[in-house]
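Each chain, letter by letter, is given below.
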Amino acid sequence: TQLLEQSPQFLSIQEGENLTVYCNSSSVFSSLQWYRQEPGEGPVLLVTVVTGGEVKKLKRLTFQFGDARKDSSLHITAAQPGDTGLYLCAGAAGKLIFGQGTELSVKP
Amino acid sequence: SAVISQKPSRDICQRGTSLTIQCQVDSQVTMMFWYRQQPGQSLTLIATANQGSEATYESGFVIDKFPISRPNLTFSTLTVSNMSPEDSSIYLCSVSAGGPGTGELFFGEGSRLTVL
C-alpha cells in the first residue's frame, strides 16, 4: 500500500515566523501536488512538481521535490494569518495518494 | 479551470436514511471523482464516475452503499445509503485539471454530512 506521511499534523505559529511541512513516502511518484484547503471549501491546487530536485516558488511559499521523487517539502517564509488552512500533499503513481494533511494556524 | 458546484453544502441526517449529493461542473469532463474526507483524516477516493458506464469503486467502497449516477458530461450524483454515524464526513466531487495521471484536480466545495 502506498502511503504519504505528512508532518507535522498540526502547527500553530505566530505571524512572521517561518515553517516547513514535510511529505514523505517509500514510493516513487511521477508528480506531486500541494493543495490548500480552507474551512467549508474544497482543496485548491497550489503547485505541481515533476522533476527530482525541482524547486518551485509561489510568493512566500517554496516547494521542493526530492531527488528520488519520494518526498517533498513546503516552506513558508514570514507566515501570515491568511496562510491558515489545511495543507495536503498528493502523489501521483497511477492513482492519486493524499497525505493526512497539516493543519496550520497563524496567529496575528 | 473548472467551476464545480455541490449540493447540499451541509446536512444533518438521521441514522438509516439516505442522502444524494449533486455535483455540477461548468464544462464537459470525461471523468468525475468522488472523495471522502473524514474528520482528521486525508482524502480517500470512493469511486470514479464515467459518463455512459458504471462507476469504478475503490477497495472498501461498494455500489450498494454509495450508488453513483453520471447521466451526462457535466453532472454526477453520489448517494450515501442507509447512513450510520460512521458516514459523517465531508464528501467532495472533483475533476481532472491536468492530463491523465497528473494528479491535478479541481474540487467542489464539499458536502458536510453529520449523521445522528
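Residues numbered from 1 in each chain as written. Chains lettered and ligands numbered in written order. Predicted model: local features only at pLDDT ≥ 70, side-chain atom pairs only at ≥ 80, totals over all residues. Heavy atoms only, no water.

K.L.:
I tried to follow the layout of surface pockets on my own but got confused; where do I start?
P.N.:
Empty space among the atoms becomes apparent when a probe as large as a water molecule is rolled across them. One number sums up the size of the largest pocket: a volume of about 430 Å³. Along its surface, the largest pocket is lined by 22 residues, and L86 and E103 of chain A together with Q37, P39 and G40 of chain B are the ones closest to its centre. At the level of elements, β9 (89-96) and β11 (111-115) of chain B are the ones that each hand at least two residues to the lining of the largest pocket. Of all the elements, β11 of chain B adds the most residues to the lining of the largest pocket, at 3 residues. The class makeup of the residues in the lining of the largest pocket is 6 nonpolar, 12 polar and 4 charged. (1 Å grid on protein atoms, 1.4 Å probe; cavity = no way out; pocket = protein on both sides within 12 Å on 5 of 7 lines; lining within 4 Å. Points joined across faces, edges and corners; volume = space filled by probe spheres on them. Helix = DSSP H or I, 4+ residues; strand = E, 2+ residues; numbered from the N terminus. Nonpolar A, V, L, I, M, F, W, Y, C, P; charged D, E, K, R; others polar.)

K.L.:
Is there a simple way to explain the sheet that holds strand β3 (residues 19-25) of chain B in this structure?
P.N.:
Within a sheet, neighbouring strands are paired by backbone hydrogen bonds and run either parallel or antiparallel to one another. Residues and elements named next belong to chain B. Pairing in this open sheet of 4 strands is antiparallel, and the strands run β1-β3-β8-β7 from one edge to the other. Of all the strands in the sheet, the pair left with one neighbour each is β1 (4-7) and β7 (68-72). Each strand axis lies, on average, 15 degrees off the axis of its neighbour in the sheet, ignoring direction. Where β3 meets strand β8 (residues 75-80), 6 bridges bridge the pair, whose relative direction is antiparallel. By the bridge assignment, C23 is partnered in β8 with S76. (Pairing = 2+ DSSP bridges. Axes fitted to C-alpha atoms, helices over the stretch in contact; angles between N-to-C directions.)

K.L.:
Looking at this model, I keep getting lost on the pattern of salt bridges. Mind explaining?
P.N.:
Oppositely charged side chains may form a pair once their charged atoms are brought near each other. Residues and elements named next belong to chain A. Enumeration over the complete set of coordinates arrives at 4 salt bridges over all chains. Salt-bridge contacts for R36 lead to E38; the nearest nitrogen and oxygen are separated by 3.5 Å. Residue E38 is classed as partly exposed on the basis of its relative accessible area of 40%. Two residues, R60 and D83, come together in a salt bridge whose shortest N-O distance is 2.9 Å. Within this pair, whereas R60 is found in the loop between β6 (55-58) and β7 (61-65), its partner D83 is found in the loop between β8 (71-76) and β9 (85-93), the two being separated by 23 residues in sequence. You can call R60 partly exposed: its relative accessible area is 23%. Judged by relative accessible area, D83 falls into the buried class, the value being 8%. (Salt bridge = Lys/Arg side-chain N within 4 Å of Asp/Glu carboxyl O. Buried < 20%, exposed > 50% of the residue type's maximum accessible area, 1.4 Å probe, protein only.)

K.L.:
It is not clear to me how the packing of aromatic side chains should be interpreted in this structure. Could you clarify?
P.N.:
The relative placement of two aromatic rings is captured by the distance of their centres and the angle of their planes. A complete count under the given rule lists 8 aromatic pairs over all chains for this structure. Where F61 of chain B meets F66 of chain B, the ring centres are 5.6 Å apart and the plane angle is 65 degrees; that geometry is what we call edge-to-face. Each member of the pair F61 of chain B and F66 of chain B is classed as buried. Aromatic rings pair up to connect Y35 and F98 of chain A together with Y35 and F107 of chain B into one cluster. (Phe/Tyr/Trp six-rings, centres within 6.5 Å; stacked < 30°, edge-to-face > 60°.)

K.L.:
Would you take a moment to explain the state of the cysteines for this structure?
P.N.:
By definition, a disulfide is the covalent link that joins the sulfur atoms of two cysteine residues. Residues and elements named next belong to chain A. Scanning all chains against the criterion turns up 2 disulfides over all chains. Between the sulfur atoms of C23 and its disulfide mate C89 the distance is 2.0 Å. Classification of the bridge connecting C23 and C89 rests on its S-S torsion, roughly 75 degrees, and on that basis the disulfide is right-handed. Of this pair, C23 sits in strand β3 (residues 19-24) while C89 is found in strand β9, placing the two residues 66 residues apart along the sequence. (Disulfide = S-S within 2.5 Å.)

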